[in-house]
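As a plain string of letters, each chain reads:
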Amino acid sequence: MVSCVEQCKIEERNLRLADGLGLKNVPVDSMVTIMYSEFLKDMLKINKNFIMEIEDTLSDLVNKYKTRNNSLDNLNKVKFMYHDFKPMNKDKRRAVHELAEAFKMTSQSFDAEPNRNVQVKVAYNSEEPSLKLSQLGKEVLGDVSANKRQASQPT
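Residues numbered from 1 in each chain as written. Predicted model: local features only at pLDDT ≥ 70, side-chain atom pairs only at ≥ 80, totals over all residues. Heavy atoms only, no water.

Peer 1: Help me understand the pairing of strand S2 (residues 106-110), please; the structure alone is not making it clear to me.
Peer 2: Looking down a regular strand, the side chains alternate between one sheet face and the other. As defined by bridge partners, S2 adjoins strand S3 (residues 117-122) across five bridges and the pair is classed as antiparallel. Pairing of Ser-107 across the sheet is with Val-120, part of S3. In this antiparallel pair of consecutive strands, S2 and S3, the connection spans six residues, and Asp-111 shows a positive phi of 70°. (Pairing = 2+ DSSP bridges. Helix = DSSP H or I, 4+ residues; strand = E, 2+ residues; numbered from the N terminus.)

Below, the structure written as structure tokens:
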């Protein structure tokens with residue numbers, strides 16, 4: 001059991017973290033640590049625009065699903081919504097699958113190469129993560145330019 005003093009320290013740290021990341025009105029108890037894979041962190045360093053585009057699409061899907069169902073009575077609510085992404089390479093598909101998981105969506109790949117694509121399914125439990133991958137700071141990701149310099153040096 002966590003003592004009151006320890007719990008208060010955790011809550012204070014979470015509030016400072018939320019403030020530092022520019023997150024407003026986030027309940028402390030909802031600040032669950034999301035563990036993004038090293039693969040996703042590397043993808044963010046390499047192609048931040050792609051990651052942000054996928055996160056924006058997934059956020060829009062969650063919002064559309066919730067808005068649509070909030071405006072309908074129980075008999076007419078939709079159970080699921082689907083979205084098909086355009087064909088993409090293996091690494092980008094993997095990133096979509098992992099990001100969909102962070103949004104509590106299921107995903108599946110369809111078709112053969114070069115037309116292989118990902119379909120995500122939004123359901124009642126889908127939601128935006130409390131901290132998106134694109135919101136991670138340099139202290140978590142490391143210095144991208146330093147990583148590039150290190151990789152270019154001969155071994």
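Peer 1: Just checking my understanding: could you explain helix H4 (residues 90-102) for this structure?
Peer 2: For an α-helix, 3.6 residues make a turn, and residues three or four places apart therefore share a direction. In a regular helix each residue adds 1.5 Å, so 13 residues correspond to 18 Å; H4 covers 19 Å between its end C-alpha atoms and thus fits that length. Listed in full, the buried residues belonging to H4 are Arg-93, Ala-95, Val-96, Leu-99, Ala-100 and Ala-102. Buried residues in H4 make contact with helix H2 (38-46), helix H3 (48-70), S2 and S3. The backbone nitrogen of Asp-91 lies 3.1 Å from a side-chain oxygen of the residue at the head of H4, namely Asn-89. Positive phi appears at Lys-104, one or two residues downstream of H4, with a value of about 60°. (Expected span 1.5 Å × (residues − 1). Buried < 20%, exposed > 50% of the residue type's maximum accessible area, 1.4 Å probe, protein only. Contact = heavy atoms within 4.5 Å. Polar contact = N/O pair within 3.5 Å; in protein donor to acceptor, adjacent residues only side chain to side chain.)

Peer 1: Help me understand the confidence of the model for the protein chain, please; the structure alone is not making it clear to me.
Peer 2: Keep in mind that low pLDDT regions are not for reading the predicted coordinates in detail. Considering every residue of the protein chain, the mean pLDDT works out to 81; 75% of them sit at 70 or more. Throughout residues 28-32 the model reports pLDDT below 50, and contacts reaching past four residues in sequence, or to other chains, amount to ten contacts. (pLDDT = per-residue confidence, 0-100.)

Peer 1: Looking at this structure, I do not really get the nonpolar core. What am I missing?
Peer 2: Nonpolar side chains in soluble globular proteins generally cluster together in the buried interior. Counting 30 residues, the largest nonpolar core has Ile-51, Leu-58, Met-105 and Val-120 as its most contacted members. At the level of secondary structure, the elements contributing two or more residues to this core comprise H2, H3, H4 and S3. Among the elements that line this core, the one with the most residues is H3, at seven residues. Residues within four places of Ile-51 in sequence aside, it is in contact with Leu-40, Met-43, Leu-44, Ala-95, Leu-99 and Leu-133. (Core = buried A, V, L, I, M, F, W, Y, C linked by side-chain atoms within 4.5 Å.)

Peer 1: What am I meant to see in the sheet that holds strand S1 (residues 81-84) here?
Peer 2: Strands belonging to one sheet form pairs held by backbone hydrogen bonds; the direction of such a pair is parallel or antiparallel. Pairing is antiparallel across the open sheet formed by three strands, whose spatial order is S1-S3-S2. Whereas interior strands pair on both sides, the edge strands pair on one side only; in this sheet they are S1 and S2. Each neighbouring strand pair of the sheet contributes to a mean axis angle of 20°, computed without reference to strand direction. Contacting S2 and S3, H4 runs over the sheet at an angle of about 10° to S3. (Axes fitted to C-alpha atoms, helices over the stretch in contact; angles between N-to-C directions.)

Peer 1: What is the right way to look at the packing of H3 against H4 in this model?
Peer 2: Each pair of packed helices gets described by two things: the angle between the helix axes and the distance between those axes. The N-to-C vectors of H3 and H4 enclose an angle of 40°; their axes lie 10 Å apart at closest approach. As summarised for this structure, H3 and H4 are arranged oblique, according to the angle between their axes. At the point where H3 passes H4, the crossing takes the right-handed sense. The segment H3 lies against H4, with Phe-50, Ile-51, Ile-54, Glu-55 and Leu-58 engaging Lys-92, Ala-95, Val-96, Leu-99 and Ala-100. Tallied by class, the residues present in the contact of H3 with H4 amount to eight nonpolar, no polar and two charged. (Parallel < 35°, antiparallel > 145°, perpendicular 65-115°, else oblique. Left-handed = near helix turned anticlockwise from the far one by under 90°. Nonpolar A, V, L, I, M, F, W, Y, C, P; charged D, E, K, R; others polar.)

Peer 1: Is there a simple way to think about the pattern of salt bridges in this case?
Peer 2: Once their charged atoms are close, side chains differing in charge can pair, the charge on each being opposite to the other. On inspection of all chains with the given rule, the structure shows six salt bridges. The partner of Lys-45 in a salt bridge is Asp-42, and the shortest N-O contact between them spans 3.8 Å. Of the two residues, Lys-45 and Asp-42 both sit in helix H2, three residues apart, roughly one turn of that helix. For Lys-45, a relative accessible area of 23% puts it in the partly exposed group. By relative accessible area, which is 35% here, Asp-42 ends up partly exposed. With its nearest N and O atoms 2.9 Å apart, the salt bridge here joins Glu-127 to Lys-104. One end of the pair, Glu-127, is in the loop between S3 and helix H5 (138-141); the other, Lys-104, is in the loop between H4 and S2, and 23 residues separate them in sequence. (Salt bridge = Lys/Arg side-chain N within 4 Å of Asp/Glu carboxyl O.)

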